[in-house]
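Residue-level listing of the chains:
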Amino acid sequence: MQTSANTGGDPVSPGSFERAKAIETPIRLRRADLFMLSLPMCRTFKSAYGASAGMKRAILVRLEDEDGTVGWGEAPAPERPVYGTDTPEGTWSVLADLILPGVMARTFSGPSQLAKTWEDLLGQHYAKHAAESASWAIASEKIGVPLALMWGGVRARIPVGESFSIYDNIELLLEEIALRLQEGFSRIKLKIAPGWDVSVVSAVKNAFPETPLSVDANCGYTVESGPWKELDDFDLLMIEQPLPGDALIELSTLQSTLQTPICLDESATGYNTTRTALHLGAGRIVNIKPPRLGGLLECFAVHDLCVDLEVPAWCGGTLETGIGRGFNLALASLPGFTMHADMSPARIFYEEDLVEPTFDIELDGCISVPSRPGNGFPVVPERVERLAIRKWSIGSTK
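Everything numeric in this text was worked out from a predicted model, so none of it was measured. (Residues numbered from 1 in each chain as written. Predicted model: local features only at pLDDT ≥ 70, side-chain atom pairs only at ≥ 80, totals over all residues. Heavy atoms only, no water.)

Caption draft 1: Representation of the overall build of the protein within the structure. For the protein, the count of helices and strands is 14 helices and 16 strands. The C-alpha radius of gyration computed for the protein amounts to 20 Å, which stays within 12% of the reference 21 Å derived for 398 residues, consistent with globular compactness. Once the C-alpha set of the protein is aligned to its principal axes, its extents read approximately 65 × 50 × 35 Å. Per-residue burial over the protein gives 58% buried out of 398 residues. Put simply, of all contacts in the protein between residues at least 6 apart along the chain, 72% involve residues at least 24 apart. (Helix = DSSP H or I, 4+ residues; strand = E, 2+ residues; numbered from the N terminus. Rg over C-alpha atoms; globule rule 2.2 N^0.38 Å. Buried < 20%, exposed > 50% of the residue type's maximum accessible area, 1.4 Å probe, protein only. Contact = heavy atoms within 4.5 Å.)

Caption draft 2: Expanded view of the environment of proline 40. Tracing the chain through its elements places proline 40 in strand E1 (residues 27–40). For the pair proline 40 and tyrosine 350, spaced 310 residues apart in the sequence, the C-alpha separation amounts to 6.0 Å. Dropping the residues within four chain positions of it, proline 40 is found in contact with Gly54, Met55, Phe349, Tyr350, Glu351 and Leu387.

Caption draft 3: Looking closely at the environment of lysine 142. By secondary structure assignment, the location of lysine 142 is in helix H4 (residues 125–143). Separated by 231 residues in the primary sequence, lysine 142 and proline 373 place their C-alpha atoms 8.3 Å from one another. Once residues lying within four places of it in the same chain are set aside, the contact partners of lysine 142 are Thr25, Pro26, Ile27, Asp65, Asp67 and Thr69. Here the side chain of lysine 142 touches proline 26 through a polar contact of 2.5 Å, landing on its backbone oxygen. (Polar contact = N/O pair within 3.5 Å; in protein donor to acceptor, adjacent residues only side chain to side chain.)

Caption draft 4: A look at the state of the cysteines. Under the defined criterion, the tally for this structure stands at 0 disulfides. Cysteine 219 takes part in no disulfide bond, and the closest cysteine sulfur to it belongs to cysteine 263, at a distance of 12 Å. Free of any disulfide, cysteine 366 has its nearest neighbouring cysteine sulfur in cysteine 315, separated by 15 Å. (Disulfide = S-S within 2.5 Å.)

Caption draft 5: Quick peek at the confidence of the model for the protein. Per-residue confidence for the protein gives a mean pLDDT of 93; residues scoring 70 or more make up 96%. Within the model, the stretch residues 1–13 combines pLDDT values under 50 with 24 contacts to residues more than four positions away or in other chains. (pLDDT = per-residue confidence, 0-100.)

Caption draft 6: Main features of helix H12 (residues 296–309). Taking 1.5 Å per residue, 14 residues should reach 20 Å; H12 reaches 20 Å between its end C-alpha atoms and fits that length. In terms of residue burial, H12 counts as a mostly covered element, since 11 of its 14 residues are buried. Those residues of H12 that sit buried are Leu296, Leu297, Glu298, Cys299, Phe300, Ala301, Val302, His303, Asp304, Leu305 and Cys306. (Expected span 1.5 Å × (residues − 1).)

Caption draft 7: How the structure looks around the nonpolar core. Of all hydrophobic cores here, the largest spans 125 residues; its most connected members are Trp136, Trp151, Leu190 and Phe300. Tryptophan 151 has contacts with Ser16, Arg19, Ile23, Trp136, Leu296, Phe300, Phe327, Ala330, Leu331 and Leu334, leaving out every residue within four places of it along the chain. (Core = buried A, V, L, I, M, F, W, Y, C linked by side-chain atoms within 4.5 Å.)

Caption draft 8: Quick look at unusual backbone geometry. Following glutamate 356, the chain continues to proline 357 via a peptide bond in cis, the omega torsion being 0 degrees. With respect to the helices, strands and loops of the structure, proline 357 is situated in the loop between strand E14 (341–342) and strand E15 (366–368). At cysteine 219, a position not held by glycine, the phi torsion is positive, near 65 degrees. Structurally, the position occupied by cysteine 219 is in the loop between strand E9 (213–216) and helix H8 (228–232). On the accessibility criterion, cysteine 219 (19% relative accessible area) is buried.

Caption draft 9: Broad picture of the packing of helix H6 (residues 170–183) against helix H7 (residues 198–207). Running from amino to carboxyl end, H6 crosses H7 at an angle of 40 degrees, the nearest separation of the two axes being 11 Å. Put simply, H6 runs oblique to H7. Remark: the crossing between H6 and H7 carries right-handed chirality. Residues Ile170, Leu173, Leu174 and Ile177 of H6 form the contact with H7, whose participating residues are Ser199, Val200, Ala203, Val204 and Ala207. Grouping the constituent residues of the contact of H6 with H7 by class yields 8 nonpolar, 1 polar and no charged. (Axes fitted to C-alpha atoms, helices over the stretch in contact; angles between N-to-C directions. Parallel < 35°, antiparallel > 145°, perpendicular 65-115°, else oblique. Left-handed = near helix turned anticlockwise from the far one by under 90°. Nonpolar A, V, L, I, M, F, W, Y, C, P; charged D, E, K, R; others polar.)

Caption draft 10: Summary view of the packing of aromatic side chains. What the rule picks out here adds up to 6 aromatic pairs. Summarising the aromatic geometry, the rings of phenylalanine 359 and phenylalanine 377 are spaced 5.4 Å apart at their centres and angled 20 degrees between planes, so their arrangement reads as stacked. Taken together, the residues phenylalanine 359 in the loop between E14 and E15 and phenylalanine 377 in the loop between E15 and helix H14 (381–387) connect sequence positions 18 residues apart. Within the aromatic cluster, the residues linked to one another by ring pairs are Trp136, Trp151 and Phe300. Between arginine 187 and the ring centre of tryptophan 314, over which it is positioned, the NZ or CZ distance is 5.5 Å. Positioned above the aromatic ring of tryptophan 92, the side-chain terminus of arginine 390 is 5.2 Å from the ring centre. (Phe/Tyr/Trp six-rings, centres within 6.5 Å; stacked < 30°, edge-to-face > 60°. Lys NZ or Arg CZ within 6 Å of the ring centre and 35° of its normal.)

Caption draft 11: Inspection of the pairing of strand E4 (residues 55–65) at higher detail. Counted residue by residue, E4 has 10 buried out of 11 residues, so it is predominantly covered. Relative to E4, E1 runs antiparallel, the two sharing 11 bridges. Bridged to phenylalanine 35 within E4 is leucine 60. Pairing geometry for E4 and strand E5 (residues 70–75), over 6 bridges, is antiparallel. In the strand pairing of E5, valine 61 is matched with glycine 73. Between the antiparallel neighbours E4 and E5 lie 4 residues, among them glycine 68 with a positive phi of about 95 degrees. (Pairing = 2+ DSSP bridges.)

Caption draft 12: Examining the side chain of aspartate 232 more closely. Along the polypeptide, aspartate 232 turns up in helix H8. Salt bridges are absent for the buried aspartate 232, whose nearest opposite-charge side chain, lysine 229, sits at 7.0 Å. Setting aside residues no more than four positions away along its own chain, aspartate 232 makes contact with Thr257, Leu258, Gln259 and Thr260. (Lys, Arg positive; Asp, Glu negative; His and termini not counted. Salt bridge = Lys/Arg side-chain N within 4 Å of Asp/Glu carboxyl O.)

Set out below in structure tokens:
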């Protein structure tokens with residue numbers, strides 16, 4: 001993690017990372033709970049990695065301060081370690097065996113100091129993010145200030161786009177896009193893979209010529225196999241992660257041949273890797289996803305890096321419920337997030353959300369940033385209990 005928000009050039013005022021590190025409110029945890037949930041999905045979402053359908057597992061962390069203040073965090077780890085190395089089982093084990101026992105009955109000055117207890121753990125990004133998020137919710141509740149304002153957010157409403165999966169045919173895709181545009185979404189992102197790329201982009205571009213359009217390849221191509229010239233001719237906002245995340249040299253070579261910016265997703269796994277990728281010219285835009293980066297502090301660091309380098313950034317999602325989306329929306333309010341966020345309401349993927357009230361897009365294409373302290377959207381414990389297939393706790397409620 002970076003130690004300074006300024007990466008070079010003229011001095012700047014403290015960025016979001018330094019601001020967050022300076023936030024102090026005593027946290028002393030008396031109880032921690034883990035819930036593994038099986039969430040009924042109302043649709044199939046397919047990308048180059050495969051399909052999510054039927055039921056999706058998610059892990060929730062509930063932390064309780066000694067004064068009774070409660071905070072929730074979410075780890076939406078995918079079933080298979082294809083997007084990253086994290087899985088639900090691994091995330092559960094790290095939280096129960098390593099992270100949560102190490103933070104019980106100790107006094108921390110705030111979330112930043114608490115997060116230092118697991119700095120030595122390699123990887124385990126989803127587990128780290130869930131625990132850190134819950135501590136930020138506690139700090140926000142105790143201070144009485146919403147997360148966005150506490151972190152220095154500058155927007156009360158976030159412009160959002162929608163990500164469209166790989167469909168059985170183009171006609172179904174076009175119908176879905178038309179529906180989402182009517183609801184207010186104002187940017188289209190298409191998942192692509194070999195065999196579902198140029199003809200699909202062409203059809204969408206012809207059907208919705210005025211709507212900003214990007215594609216997301218989820219590491220599905222090589223420099224040689226991709227239809228780069230054809231995609232470059234479509235005047236896209238970006239081509240997101242066309243090559244494997246660690247192929248920084250190849251990404252740099254590809255970017256040098258394209259007018260279209262490459263957006264770093266799987267390549268942006270932390271501050272140092274993102275800085276290296278940008279230095280090599282492997283991309284010109286950064287997608288900041290809190291679970292992938294391993295916590296909000298790391299997100300602040302990457303955000304400040306992008307601000308310093310004048311690199312556009314935006315906040316992506318990983319099929320979170322309203323618990324995880326609350327943190328994403330607050331994060332997207334920071335000044336460096338200059339592009340549409342991926343912030344699908346839970347209703348698009350799940351039969352019900354875990355928060356009430358939940359959020360939805362408004363007709364002008366924006367979603368309001370949560371204005372309540374703590375988790376922003378009130379968590380419904382009864383729904384968590386009903387959907388839980390495994391539970392674990394440490395500490396006591398008294």
